[in-house]
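Tertiary structure, described
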Amino acid sequence: MATRFDGGSGEAGASLSLAAPDAEAPAEEASESPRVTLDDVLAEPAAAPLPARKAQPLGAAMRTARVAAIAGRMASIHLRGAEGPVDAQIASDVDPEVIADARARGDAVLVELCEGEPPLIVAALTTQRPKALHLKATTISIEGDEELLLRSGSGALRIRKNGDIEVVGSRISAASRGLFRIVGRLLRLN
């Protein structure tokens, strides 16, 4: 099928092939296909807007929700597409503090819906880059194969693979409530 348009050649009605030409098709058949100009395409009315999405009936499904309140392993959530808050359980393998953090950040949670059962929160979704990051754990380990760099403004701490440690800042303070020990084969002050 060929569609006629001005393909930048300056000639109104120039052809553009939309399909691979059929080598066996007779020339008369190609000339019988309808010709559409760019003006014809532009003159067509715009397509009707899509209808608004309707909420799907509850069934086995996954949906996102926002947490309104949390108490133990239960939460009050606002399901997308549902009216009013709904009580939901937090899955046994999900830490309630993770859901509380998502609530505090305004992040969504992923909810599993099954007919005849209360909604089950199965995950917290991070939907935006955080403005602040709070890590809380029994042990925190940060590793870099070549280098680790912690930087804020003009201050930095760099730890290299070879054991070099560099601390840079406009003012550096160190204090100890007990023994403050500096050990090295060579100590250089200024």
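From a predicted model like this one, the values you see are computed outputs, not experimental measurements.

Another aspect to go through is the layout of surface pockets. Of the volumes computed, that of the largest pocket is approximately 370 Å³. The wall of the largest pocket is formed by 13 residues, among which E97, V98, D101, R105 and H134 lie closest to the centre. Counting residues per element, the lining of the largest pocket draws most heavily on helix 3 (residues 96-105), at four residues. Split into classes, the residues belonging to the lining of the largest pocket amount to five nonpolar, two polar and six charged.

Now for the side chain of S76. Position of S76 among the secondary structure elements: in strand 4 (residues 74-79). On the accessibility criterion, S76 (17% relative accessible area) is buried.

A separate point is the side chain of D107. Tracing the backbone through its elements, the reader meets D107 in the loop between helix 3 and strand 6 (108-113). A polar atom in the side chain of D107 sits 2.8 Å from the side chain of R105. For D107, the residues in contact, after removing those within four places along its chain, are R66, A102, L125, T126, T127 and Q128.

Sheet strands pair by backbone hydrogen bonding; their relative direction is either parallel or antiparallel. The strand order around the closed barrel built from five strands is 3-4-5-7-6, with neighbouring strands paired in mixed fashion. This sheet shows a mean twist of 55° between the axes of neighbouring strands, independent of strand direction. Bridge analysis of strand 3 (residues 61-71) against strand 6 gives six bridges, and the strand direction is antiparallel. Considered in strand 6, the bridge of M62 is made with E112. Relative to strand 3, helix 3 is tilted by about 90°, and along the sheet it contacts strand 3, strand 5 (86-90), strand 6 and strand 7 (120-125).

Another point: the confidence of the model for the protein. In this model, the protein carries an average pLDDT of 78, and 70% of its residues clear a pLDDT of 70 or more. Note that pLDDT drops below 50 for residues 1-10; the model gives that stretch 32 contacts with residues more than four away or on any other chain. Counting contacts from residues 12-21, a segment whose pLDDT is below 50, to residues more than four positions away or on other chains yields 22 contacts.

Criteria and thresholds
- Residues numbered from 1 in each chain as written.
- Predicted model: local features only at pLDDT ≥ 70, side-chain atom pairs only at ≥ 80, totals over all residues.
- Heavy atoms only, no water.
- 1 Å grid on protein atoms, 1.4 Å probe; cavity = no way out; pocket = protein on both sides within 12 Å on 5 of 7 lines; lining within 4 Å.
- Points joined across faces, edges and corners; volume = space filled by probe spheres on them.
- Helix = DSSP H or I, 4+ residues; strand = E, 2+ residues; numbered from the N terminus.
- Nonpolar A, V, L, I, M, F, W, Y, C, P; charged D, E, K, R; others polar.
- Buried < 20%, exposed > 50% of the residue type's maximum accessible area, 1.4 Å probe, protein only.
- Polar contact = N/O pair within 3.5 Å; in protein donor to acceptor, adjacent residues only side chain to side chain.
- Contact = heavy atoms within 4.5 Å.
- Pairing = 2+ DSSP bridges.
- Axes fitted to C-alpha atoms, helices over the stretch in contact; angles between N-to-C directions.
- pLDDT = per-residue confidence, 0-100.

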